[in-house]
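# A structural walkthrough
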Amino acid sequence: MARSVLVTGGNRGIGLAIARELAAAGDAVAVTYRSGEPPEGLFGVRCDVTSMDDVEAAFEKVEAEQGPVEVLVANAGITKDTLLAMMKEDTFTDVIDANLTGAYRVAKRAIRPMMKLKRGRVILVSSVVALLGSAGQTNYAASKAGLIGFGRSMAREYGSRGITVNVVAPGFVQTDMTAGLDEEAIIKNIPLGRQASPGEVARVVRFLASDDASYITGAVIPVDGGLGMGH
Ligand code: NDP
């Protein structure tokens, strides 16, 4: 039977690539979207991950459509870059709320049904900057580093229930999020000399969600062209 998958922020960018990759592998895939229309061919649920009510309603719809979520990909994320000296408190907390507390909300909602199933896969989308740091991104880097401690703690709590929790840490990926950046300056520091395509991240997520990754949990997998050198 097809597994029930939920990808947050699955309407564009990396999340959409992950959703398409898992759907192509035979899973029943739902994606969250905030506005506009859900992508064609995928089950879309409107959900802002900063709202627990939205998260609850989204899970209820997904469970009714395709059963309890067995694979959760917490991918939704935002940036609000500015130097710390200029950063207002809500610029900091908004990013934490969407990127880190958002992952908490969906993981918290997913975990009990996974415990009942006695199996589950949670994949958190972090970033290379979680461990390297990034000027102008104290809020974003803190949120992405937080996902690592969060995920590893979850891995310890639920390993005995057959649930794995892993983190992917992409480098620079060609999406709307990186569209305004200076490509030449970025590429200089990447051993592979280019940005990633969303599909290159999606295929790693597909592996982590697969049976082939059955003995991997609490791991942080870099998908960064060598930018972080394994950090
Ligand atoms: P995009 O900006 O292209 O897409 C972001 C996605 O997150 C959209 O689907 C967006 O929904 C969704 N989203 C944002 N905030 C919320 C929210 N509050 N509730 C629900 N959905 C939300 O980004 P990417 O595809 O590039 O990034 C995806 C993930 O990968 C993010 O977590 C990002 O931090 C991470 N990442 C990206 C890298 C890159 O180089 N691009 C590198 C490393 C990590 P909507 O369309 O409604 O706005």
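Bear in mind the structure is a predicted one, so any value in this text is a computation, not a measurement.

## Regarding the UniProt feature "domain: Ketoreductase" (unreviewed entry) in the protein
Following the UniProt record, one finds the feature "domain: Ketoreductase" (unreviewed entry) at residues 3-176. Counted over residues 3-176, helix gives 47% and strand 18%. Its end C-alpha atoms are 29 Å apart.

## Structural notes on the site of the ligand
Near the ligand you find 30 residues, and of these G9, G13, R34, G77 and T175 are the closest. For the shell around the ligand, the secondary structure elements donating two or more residues are α1 (13-24), β2 (28-33) and α3 (89-117). A total of three residues in the shell around the ligand trace back to one element, the largest contributor, which is α1. Looking at the shell around the ligand residue by residue, the classes come out as twelve nonpolar, 14 polar and four charged.

## Let's talk about the sheet that holds β2
Overall, parallel pairing links the seven strands, which are arranged β3-β2-β1-β4-β5-β6-β7 in an open sheet. Bordering the open sheet on either side are β3 (43-46) and β7 (220-223), each of which pairs with just one other strand. Direction aside, the axes of adjacent strands within the sheet are offset by 20° on average. As paired elements, strand β1 (residues 4-7) and strand β4 (residues 71-74) share three bridges and run parallel to each other. When the bridges of β4 are listed, V5 appears paired with V71. Across the sheet, helix α5 (residues 138-158) is in contact with β5 (120-125), β6 (163-170) and β7; its angle to β6 comes to roughly 160°.

## Some points on the environment of A58
Looking at the secondary structure, you find A58 in helix α2 (residues 52-66). Taking the number of C-beta atoms within 10 Å as the measure of exposure, A58 has 26 and is therefore buried. The spatial distance from the C-alpha of A58 to the C-alpha of V69 is 11 Å, given a sequence separation of eleven residues. Apart from residues no more than four positions distant in its own chain, A58 is found in contact with T32, V45 and C47.

## Quick notes on the packing of α2 against α3
Remark: α2 packs on α3, axes separated minimally by 10 Å, with the N-to-C direction vectors making an angle of 40°. Here α2 lies oblique to α3, going by the angle between them. Relative to α3, α2 is oriented so that their crossing is right-handed. When α2 is examined against α3, the residues M52, V55, E56 and F59 are found in contact with a partner set consisting of R105, V106 and R109. Residue composition of the contact of α2 with α3, by class: four nonpolar, no polar and three charged.

About the cut-offs
Sequence order sets the numbering: in each chain, residues are counted from 1 along the sequence as written. Thresholds applied to this predicted model are a pLDDT of at least 70 for local features of residues and 80 or more for the giving and counting of side-chain atom pairs; totals over whole chains, interfaces and linings are not thresholded and use all residues. UniProt positions are given in the numbering used here, feature names are shortened, and annotations may be inferred rather than shown by experiment. Every helix listed is a DSSP run of H or I at least four residues long, and every strand listed is a run of E at least two residues long, numbered separately from the N terminus. Whether a residue is near a molecule or strand depends on its C-beta atom, placed from the backbone, lying within 6 Å of it. Charged means Asp, Glu, Lys or Arg here, nonpolar means Ala, Val, Leu, Ile, Met, Phe, Trp, Tyr, Cys or Pro, and polar covers whatever is left, Gly included. The rule for pairing is simple: two strands pair if DSSP sees at least two bridges between them. Angular values range over 0 to 180 degrees, each being the angle between N-to-C directions of two axes fitted as lines to C-alpha atoms, with helices fitted over their stretch in contact. We call two residues in contact if the C-beta atoms placed from their backbones are at most 7 Å apart. Between the buried cut of 20 or more and the exposed cut of 12 or fewer other C-beta atoms within 10 Å of a residue's own C-beta lies the partly exposed class, and all C-beta atoms are placed from the backbone. Should an angle fall under 35 degrees it is called roughly parallel, over 145 degrees roughly antiparallel, and 65 to 115 degrees roughly perpendicular, with every other angle called oblique. Each crossing is labelled by how the near helix is turned from the far one, with a counterclockwise turn of less than a right angle marking it left-handed and a clockwise turn marking it right-handed.

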